[in-house]
Amino acid sequence: MKKVVVTGAAGFLGSCLTKKLLVEGNQVIGLDNLMTGRVSNLAEIRNHANFMFIQMDVVSEHILSMKPLAGVDEIYHLASPASPKFYQSAALDTMAVNTIGTKNMLELAKSNGARLVYTSTSEAYGDPEVHPQQEMYRGNVNTWGPRACYDEAKRLGEVYCYEYYRQFQVRVKVARIFNTYSANLRNDDGRVISNFVNQAIRGQDITVYGDGSQTRSFCYVDDTIQGLMRMMEKEAATGEIINLGNPLEYTVLQVAELVKKLTKSNSRITFHDLPKDDPKLRCPVIVKAKKLLGWEPQITLEEGLLRTIEIYRSQLSELAGGDGA
Ligand code: NAD
Ligand code: UDP
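The shown structure was predicted, so the numbers you read here are calculated from the model rather than taken from an experiment.

Draft legend 1. Local environment of the site of ligand 1. Surrounding ligand 1, one finds 29 residues, the nearest of these being Gly8, Gly11, Phe12, Leu13 and Gly37. Residue assignment for the shell around ligand 1 shows that the elements contributing at least two residues are helix H1 (12–23), strand E2 (27–32), helix H3 (91–112) and strand E5 (115–121). For the shell around ligand 1, the leading source of residues is H1, giving 3 residues. When grouped by side-chain class, the residues that make up the shell around ligand 1 number 14 nonpolar, 13 polar and 2 charged.

Draft legend 2. Geometry of the site of ligand 2. Neighbouring residues of ligand 2: 13 residues in total, closest Arg191, Val192, Asn195, Thr207 and Tyr209. Secondary structure elements with two or more residues in the shell around ligand 2: helix H5 (192–202) and strand E8 (206–209). If one sorts the elements of the shell around ligand 2 by residue count, E8 sits on top with 3 residues. Within the shell around ligand 2, the residues separate by chemical class into 6 nonpolar, 4 polar and 3 charged.

Draft legend 3. Here's a closer look at the sheet that holds strand E11 (residues 240–244). Taking strand neighbours across the sheet as the criterion, the 7 strands line up as E3-E2-E1-E4-E5-E6-E11 in an open arrangement whose pairing is parallel. Each of the sheet's edge strands pairs with one partner strand only, and the pair in question is strand E3 (51–55) and E11. With direction set aside, neighbouring strand axes in the sheet form an average angle of 20°. Bridge count between E2 and E3: 5 bridges; the pairing is parallel. Note that in E3 the partner of Leu31 across the bridge is Ile54. Together, strand E1 (3–7), E2, E3 and strand E4 (74–77) form the strand contacts of H1, whose direction differs from that of E2 by roughly 165°. Against the sheet, H3 engages E1, E4 and E5, with an angle of about 175° to E4.

Quick notes on the rules
Residues numbered from 1 in each chain as written. Chains lettered and ligands numbered in written order. Predicted model: local features only at pLDDT ≥ 70, side-chain atom pairs only at ≥ 80, totals over all residues. Near = placed C-beta within 6 Å. Helix = DSSP H or I, 4+ residues; strand = E, 2+ residues; numbered from the N terminus. Nonpolar A, V, L, I, M, F, W, Y, C, P; charged D, E, K, R; others polar. Pairing = 2+ DSSP bridges. Axes fitted to C-alpha atoms, helices over the stretch in contact; angles between N-to-C directions. Contact = placed C-beta atoms within 7 Å.

Right under this line is the structure:
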């Protein structure tokens, strides 16, 4: 049985990953300071014999001397706010967890001979001038703006991984994740799928920022989690940066219209100011993931949205006492 540490275990991706790792027979230690995560995300596994949750900040240096972490085989370092709403309101914490927190996890990997997957982001490409984005593209990132705390911290997190790989031969793998979604996103998360679906099923305005011509490529959570686990497993991914995302690209307005259609909602689509530095185009090239991991997404946006809508709807229905929106 492998001993696996997941940072950010109470968050959206971390909780889904933790559950999958337990199903596959691993021992999992989840670390989280509950900054954006919720213990309720872990409710169904809280008493699982092979799971331990530790509430703590991975920026703390005490983490390196914690007894339960000794002998770890694999580390998934996911801790970091990911929604612009949250990372912009906690910019310094976001910078710390992706730099000092990443260094701490790399030290833990180094002292235990463990493998480490770091979840970087498509935001490392900034507002890209090359489209679609392949890993060799170096990006167009602004150090002087509201997204910099996330984008640049992730980029420095990648550099930490590179140096621990180069100097100490730590078996690092860096995933640049593109927009991932499911109903496990908090309904107040602020990211686009969570907002649009929750607005549509409540009959509220669907809030498109800008004219909605900016694009994103959306990956359903199960596909992303499978990609992360393949990265950990495959030796060919060691010392590599790999895009994980769904290459099907949509404008934000198309997403709003699709959500409205699939929810059969009467909501109006309304237009609001575009946030500063909002990337105009985003779509991954996944040739490297296909080649090194044998991975590509299986779930279309329509299919993933239908699953997401169904779950958010039943949550809303429970809240409303059973009669739905
Ligand atoms: P999330 O906000 O739902 O989860 C992040 C978790 O990290 C939360 O539970 C939070 O409490 C925890 N955390 C934050 N700072 C911490 C600290 N200092 N110590 C311990 N725990 C801390 O976000 P998510 O969508 O699950 O993202 C997980 C990771 O994947 C992040 O690193 C994010 O940058 C990356 N990523 C996600 C996406 C996506 O679309 N979901 C896209 C690109 C990259
Ligand atoms: N967006 C939007 N309405 C919303 C939330 C987001 O139009 O209610 C847009 C946002 O401006 C961006 C895209 O949707 O162009 C994706 O935003 P999100 O915050 O989900 O992720 P990111 O910008 O980090 O890709």
